[in-house]
Amino acid sequence: MYSGEKCVRSRRHSGGFTLLELLTVLSVIGILVVIAMPSFGSFAQSSQVGSAVHDLVSSFNYARNEAITRGTLVTVCKSSDAQTCDTSNTGWQQGWIIYYLNDSGAMQILRVYGPSSGPVTMEGNFHVRNRVRYQASGFMPGVSNGTIIALSGDRQVNIIISTTGRVRTQRM
């Protein structure tokens, strides 16, 4: 029976978005992406330089520690083939090796580092252009401070190695 109440059909509302709402959100996201891209590129350059500098600095610290521990001369040198030192004009970004000469004078490679990732250049001044050597005392023999400049785009970090063998970095 019908009790007198009016039967009202409820209109069902779907839980989706309208096309206009979707286009508005996509437009806002697009604008934010365009604004963020330059800073993301800067972040990527900074990250690439930071990674390359960290690898090289830790290599120098490792070589210095090995020289003191082994009581012998340990060398870090640029290397493109992971077996021999390279004295070309190519920078440290090509990779490097850490080695010492054993009692019979044969090269004993301790570690090998491959090329730096990304567009990073690392050029050393006269004293550290091709190699860095550590005596058993941990000091660098017969040289003054050396500086390697790491660059990627507008990001620059200087790696400064003192005659005592200590390494520090300076962001420019």
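Just above, that's the structure.
Cut-offs and rules
- Residues numbered from 1 in each chain as written.
- Predicted model: local features only at pLDDT ≥ 70, side-chain atom pairs only at ≥ 80, totals over all residues.
- Heavy atoms only, no water.
- Helix = DSSP H or I, 4+ residues; strand = E, 2+ residues; numbered from the N terminus.
- Buried < 20%, exposed > 50% of the residue type's maximum accessible area, 1.4 Å probe, protein only.
- Contact = heavy atoms within 4.5 Å.
- Areas by Shrake-Rupley, 256 points an atom, 1.4 Å probe, with all protein chains shown as cover.
- Pairing = 2+ DSSP bridges.
- Axes fitted to C-alpha atoms, helices over the stretch in contact; angles between N-to-C directions.
- 1 Å grid on protein atoms, 1.4 Å probe; cavity = no way out; pocket = protein on both sides within 12 Å on 5 of 7 lines; lining within 4 Å.
- Points joined across faces, edges and corners; volume = space filled by probe spheres on them.
- Disulfide = S-S within 2.5 Å.
- Phe/Tyr/Trp six-rings, centres within 6.5 Å; stacked < 30°, edge-to-face > 60°.

### Side note on the overall build of the protein chain
Looking only at helices and strands, the protein chain has 1 helix and 8 strands in total. Going from N to C terminus, the protein chain has its helices and strands arranged as α-β-β-β-β-β-β-β-β. Expressed as a percentage of its 172 residues, the buried residues of the protein chain come to 30%. The long-range share in the protein chain, meaning contacts at least 24 apart out of those at least 6 apart in sequence, stands at 53%. When the accessible surface of the protein chain is totalled, it reaches about 11200 Å², and 56% of it is carbon and sulfur.

### Looking at the sheet that holds strand 5 (residues 131–134)
Taken together, 4 strands build an open sheet; the order of strands is 3-2-1-5 and the sheet is antiparallel. On the outer flanks of this sheet lie strand 3 (107–113) and strand 5, each paired with one strand and no other. Sheet twist, expressed as the mean angle between neighbouring strand axes with direction ignored, is 20°.

### Regarding the layout of surface pockets
By volume, the largest pocket amounts to about 190 Å³. Along its surface, the largest pocket is lined by Phe126, His127, Val128, Arg129, Asn130, Arg131, Val132, Arg133, Met140, Pro141 and Val143.

### Focus: unusual backbone geometry
Residues other than glycine seldom take positive phi values, yet Ala82 does so here, at roughly 65°. Topologically, Ala82 is positioned in the loop between strand 1 (74–78) and strand 2 (96–101). Judged by relative accessible area, which is 30%, Ala82 ranks as partly exposed.

### Considerations on the state of the cysteines
Chemically, a disulfide is nothing more than a covalent bond linking the sulfur atoms of two cysteines. Scanning the model with the defined rule gives 1 disulfide in all. Between Cys77 and Cys85 runs a disulfide, and the two sulfur atoms are separated by 2.0 Å. Here Cys77 and Cys85 share a disulfide; its torsion about the S-S bond, -80°, makes the bridge left-handed. Residue class for Cys85 comes out partly exposed when judged on its relative accessible area of 33%.

### A closer look at the packing of aromatic side chains
Evaluation of the coordinates by the stated rule reveals 3 aromatic pairs. Judged by centre distance (5.8 Å) and plane angle (85°), the ring pair of Phe60 and Trp92 falls under edge-to-face. Within this pair, whereas Phe60 is found in helix 1 (residues 19–70), its partner Trp92 is found in the loop between strand 1 and strand 2, the two being separated by 32 residues in sequence. Summarising the burial analysis for this pair, Phe60 and Trp92 share the class buried. For the ring pair Trp96 and Tyr113, a centre distance of 5.2 Å and an interplane angle of 20° mean the geometry is stacked. One end of the pair, Trp96, is in strand 2; the other, Tyr113, is in strand 3, with 17 residues separating them in the sequence. Assessed through its relative accessible area of 19%, Tyr113 is described here as buried. Within the aromatic cluster, the residues linked to one another by ring pairs are Phe60, Trp92, Trp96 and Tyr113.

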